Amino acid sequence: MKKIPLSKLTPFLSLAFFGLALWLLHGELKGFRYRDVFNFFGQLPASRVLLAVAFTIAGYFALTGYDTLAIRYIGKEVAYWKIALASFAGYAFSNTLGMPLFTGTPLRARLYSGWGLTALDIARIVLLSYATFWLGFLGLAGVAFLLEPIAVPARLHLPVASARPVGALFLGIVLAYLILTVVRRRPVVLKGMELAIPRPGMGLMQIAVASLDWSLAGAVLYALLPEDWNITPFHFLGVFLFAQVAGLLSHVPGGLGVFESMMVLLLPELPHPQLLAAMVAYRAVYYFMPLLVAAVSLGVHEIVRRRHQVGRLARMFGGRAPDVVPQILAVTTFLGGAILLVSGATPAVHSRLSWLKDALPLSVIEVSHFLGSLAGVLLLFLAIGLQRRIDAAYQLTVILLASGVVFSLAKGLDYEESIVLAIMLAALFPCHRHFFRKASLTAEPFTPGWSLAIAIVLLGSVWLGFFAYKHVDYSRDLWWHFTLFGNAPRFLRASVGVAAVALGVAVSRLLRAAPHEPSTPTEEEMTKAATVAAAYPRTYAWLALIGDKQLLFHDSGNAYVMFGVEHKTWVSMGDPVGPDRERAELVWKFRELVDRHDGWTCFYQVNDKSLHLYADLGLTLIKLGEEARVPLTSFSLAGSSRKKLRWAQRKCTEEGCRFEVLSIEQAAPLLPELERISDEWLEHKNTREKAFSLGYFNPHYLRRFPIALIYKEERIVAFANLWQGGEKEEVSIDLMRHTADAPTGVMDYLFVELMLYGQAQGFRWFNLGMAPLAGLEARTIAPLWSRLGALVFRHGEHFYNFQGLRQYKDKFEPVWESRYLACPGGLALPRVLSDIATLISRGFRGVVAK
């Protein structure tokens with residue numbers, strides 16, 4: 001029987017924990033009514049709320065200390081405002097949705113990668129931040145559990161009855177870590193990554209910063225509790241930490257329900273409805289408010305940018321806004337849907353309904369309540385589309401948020417709810433340009449994390465409705481009971497509507513057509529690709545015409561991804577080809593195609609200007625080498641540095657060589673002779689044809705290009721097929737073959753003549769191709785792949801002439817541009833590299849032999 005990975009079971013376990021938490025809460029609150037919870041908010045002093053807000057602001061400032069220490073630890077310098085932005089956006093995101101490895105961490109990685117940090121730098125920042133997070137918890141909880149140990153309820157069936165021994169264990173772990181910082185000098189190796197042990201001063205700072213963060217988080221909730229409850233801060237802190245870690249370990253988004261049930265169980269002496277109300281207020285202040293501030297700030301940034309005003313806000317968010325905006329707005333939209341569902345499940349204020357009856361007929365109130373709940377569940381699903389930058393999701397979300405504002409007022413004069421939804425709408429409205437994809441909403445995959453979050457909100461809103469109306473006796477007539485104060489019947493009808501919409505979405509996804517299976521491109525597709533490649537400035541686009549790669553076109557037909565598949569690895573050759581907007585959409589479309597086939601998404605030899613697209617997918621970025629491009633506008637054979645090139649040109653000319661470029665029509669009759677030269681070259685070099693990232697001799701392929709020839713006394717001794725980029729941007733060659741008796745220096749002669757030809761034709765650049773592993777750092781703090789690549793570059797001459805290739809291209813004085821591989825990291829990387837090598841070598845045999 002096939003084993004199911006634990007990662008696949010995590011959403012189900014989280015949902016089970018959430019259900020258990022609701023069951024515990026239901027049992028603890030069975031003697032109370034919803035109005036007991038609601039009345040607490042009316043009695044909450046404004047001074048306590050303001051104090052909680054102040055603690056929240058201080059807490060988020062403390063959170064920036066995690067990344068500040070981590071960046072100091074890796075020896076890099078990043079401006080504090082950048083650290084603050086990454087921390088604020090990342091932690092606002094992960095605090096709300098939980099599962100930081102899949103929410104806030106990728107968001108911070110996208111920002112840091114745009115500020116020059118490598119994938120290994122980011123991995124070290126994340127690991128040290130997590131270590132700091134848990135050191136602070138262990139240290140603070142250890143002290144709290146020892147000084148004022150909490151009694152562990154028997155219902156939890158834990159092996160200890162008191163938290164005191166746990167506190168001693170926690171402090172022992174912290175002490176062991178501090179000792180390790182003193183005695184350990186060698187780095188720890190984790191999955192091939194070296195991690196230096198922080199020095200004692202750094203270790204103490206980690207504990208201090210994280211302890212401050214945890215203390216301020218607890219202070220927010222403590223500030224919302226009535227003063228007459230007489231609970232000591234230290235005892236409360238121990239309970240708070242116990243409940244928080246239970247929420248974290250449950251993997252329920254934000255610990256929702258689990259945290260609340262633990263607090264209720266551990267504080268039996270406090271009035272539970274009021275405690276539950278305080279925790280609802282806590283979530284609004286500590287989780288929801290920062291996220292809303294981030295979303296509004298980004299919306300304001302877009303408005304400022306469109307008016308061409310320059311201010312502090314624009315400087316702070318700058319060019320990294322496109323990476324953050326969709327993520328933040330997706331979460332705020334999800335929360336907007338949750339607000340509408342919770343509002344629909346709870347009773348409206350009677351006084352407001354009484355006032356509303358004079359302004360609106362009962363039918364409008366009933367319909368508004370029903371449609372408001374439907375809008376809520378639809379917003380939950382649309383949030384996934386926003387995260388994936390789909391234009392249709394943006395447009396529908398704008399409509400539903402605007403409708404939600406109206407429905408909230410019409411169903412019960414919920415002006416607070418309307419204001420929040422209006423703020424979300426105001427933040428979303430100016431950000432249309434970030435949602436550029438034209439993909440179908442029904443084709444979007446639902447990740448386990450999103451599915452879990454949706455299930456929790458739906459289950460939680462239904463539980464809240466039954467809790468609010470548990471005093472109402474159920475009867476079949478209740479469904480058709482329409483009165484002004486008939487809140488329970490409205491909840492039942494809305495719940496059925498919400499369940500029907502959710503079930504409809506689930507069924508539509510189960511019944512959707514099977515995804516298109518990629519296949520070898522047809523002649524019609526090759527012709528269409530040729531049209532796109534002819535208009536594209538970069539010449540690598542012509543690799544699509546070899547025929548060994550599959551093609552994925554944009555819906556407009558103006559852009560494509562060329563890719564190969566080896567085992568689970570799906571590799572795009574270069575960046576998508578086409579206009580910028582279509583290319584950005586194709587990155588996501590290719591990712592979705594790969595996800596449907598449970599593969600690994602890779603982009604091979606991409607340039608640094610597109611890295612933000614791949615970081616947005618959560619891929620690891622690895623430098624492969626550098627590409628040489630010669631600026632033709634300034635190319636000349638004059639000067640001492642070009643002495644060898646002048647010599648090669650003169651020598652070949654004196655031996656009777658001449659250069660000529662034949663058109664496609666003129667070159668076609670010569671293909672049999674060129675094939676003979678190619679076979680002779682392969683035999684002389686004792687090698688075999690490559691593929692994927694290079695062309696190979698294929699008459700059908702070569703018939704599409706002009707051919708550059710070198711004649712010696714009317715006999716062809718060398719040839720190359722000519723690639724010409726659109727807009728006269730770039731010219732290059734693919735195959736370059738010569739006879740065994742060709743004059744010495746014929747390659748230099750061919751390149752010189754090609755560059756002079758390109759210059760005469762008005763091209764701006766001549767592309768000499770890649771120098772693999774060139775430009776990689778060999779320093780101790782460099783990534784492992786970079787150091788390994790630099791080592792091979794220096795000492796791998798027995799296997800491949802890495803340095804010689806770089807030196808050969810250097811004599812043309814090119815501009816070197818970095819090229820990268822974007823792919824899954826970690827343990828998948830060796831397999832990915834092996835599969836790419838197999839694709840290029842046309843089989844595994846070509847990897848281990850010439």
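What you see is a predicted model; the values in this text were computed from it and never measured.

Here is what the cut-offs are and how they apply
- Residues numbered from 1 in each chain as written.
- Predicted model: local features only at pLDDT ≥ 70, side-chain atom pairs only at ≥ 80, totals over all residues.
- Heavy atoms only, no water.
- Helix = DSSP H or I, 4+ residues; strand = E, 2+ residues; numbered from the N terminus.
- Buried < 20%, exposed > 50% of the residue type's maximum accessible area, 1.4 Å probe, protein only.
- Pairing = 2+ DSSP bridges.
- Phe/Tyr/Trp six-rings, centres within 6.5 Å; stacked < 30°, edge-to-face > 60°.
- 1 Å grid on protein atoms, 1.4 Å probe; cavity = no way out; pocket = protein on both sides within 12 Å on 5 of 7 lines; lining within 4 Å.
- Points joined across faces, edges and corners; volume = space filled by probe spheres on them.
- Nonpolar A, V, L, I, M, F, W, Y, C, P; charged D, E, K, R; others polar.
- Contact = heavy atoms within 4.5 Å.
- Patch = residues over 30% accessible without salt bridge, like charges linked within 9 Å, V, L, I, M, F, W, Y side chains within 5 Å.
- Areas by Shrake-Rupley, 256 points an atom, 1.4 Å probe, with all protein chains shown as cover.
- Salt bridge = Lys/Arg side-chain N within 4 Å of Asp/Glu carboxyl O.

J.: Talk me through unusual backbone geometry; I want residue IDs and the actual numbers.
T.: Of note in this structure, Q605 is not a glycine but carries a positive phi near 60°. Position of Q605 among the secondary structure elements: in strand β6 (residues 600–607). Taking relative accessible area as the criterion, Q605 reaches 19% and is therefore assigned buried. With phi around 60°, E727 is a residue other than glycine that occupies positive phi space. Looking at the element boundaries, E727 is found in the loop between β10 (715–724) and β11 (730–738). On the accessibility criterion, E727 (59% relative accessible area) is exposed.

J.: Can you explain the pairing of β6? Please cite residues and give values.
T.: Burial analysis of β6 places 7 of its 8 residues in the buried class, the great majority of the element. Across 5 bridges, the pairing between strand β5 (residues 569–573) and β6 is parallel. Residue pairing across strands places S572 opposite F603, the latter belonging to β6. Relative to strand β13 (residues 815–823), β6 is paired through 4 bridges, and the arrangement is antiparallel. Bridge pairing in β13 places V606 opposite Y820.

J.: Break down the packing of aromatic side chains for me, with residues and values.
T.: Under the counting rule described, the total for this entry stands at 24 aromatic pairs. Centroid distance F133 to W134: 5.2 Å. Interplanar angle 90°. Geometry classified as edge-to-face. On the accessibility criterion, F133 (22% relative accessible area) is partly exposed. On the accessibility criterion, W134 (31% relative accessible area) is partly exposed. Plain terms: the ring middles of Y222 and F236 are 5.3 Å apart, the flat faces sit at 55° to each other, and that makes the pair tilted. Placement of Y222 in helix α8 (residues 200–223) and of F236 in helix α9 (residues 233–250) is noted, with a sequence separation of 14 residues between them.

J.: Describe empty space enclosed by the protein, with residues and values.
T.: Enumeration according to the criterion identifies 2 cavities of 30 Å³ or more in this entry. Volume-wise, the largest cavity comes out at about 80 Å³. The wall of the largest cavity is formed by L341, G344, A345, S373, S461, V462, F491, A494, S495 and V498. Secondary structure elements with two or more residues in the lining of the largest cavity: α13 (321–345), α18 (448–468) and α19 (487–510). Ranked by residues supplied to the lining of the largest cavity, first place goes to α19 with 4 residues. Taken together, the residues that form the lining of the largest cavity break down as 6 nonpolar, 4 polar and no charged.

J.: Hey, could you go over the side chain of Q244 for me, with residue numbers and the actual values?
T.: Here Q244 shows up in helix α9. Beyond its immediate stretch of four places on either side in the chain, Q244 contacts W214, F259, Y282 and Y287.

J.: Would you mind going over a nonpolar patch on the surface in detail, with residue names and values included?
T.: A grouping of L175, I179, L180, V182 and V183 is seen on the molecular surface, where their side chains present a nonpolar patch of about 440 Å² in accessible area. Topologically, I179 is positioned in helix α7 (residues 164–183).

J.: Now, about the pattern of salt bridges: what can you tell me, with residues and values included?
T.: Scanning the entire structure with this criterion turns up 27 salt bridges. For the salt bridge of R538 with E627, the shortest nitrogen-to-oxygen distance reads 3.1 Å. Of this pair, R538 sits in the loop between α20 (523–535) and β3 (550–553) while E627 sits in strand β7 (residues 620–631), placing them 89 residues apart in sequence. Among the ionic contacts, a cluster of salt bridges with common partners joins R538, E627, R629, E729, E730, R764, E817 and R819.

These figures capture arrangement, not role.
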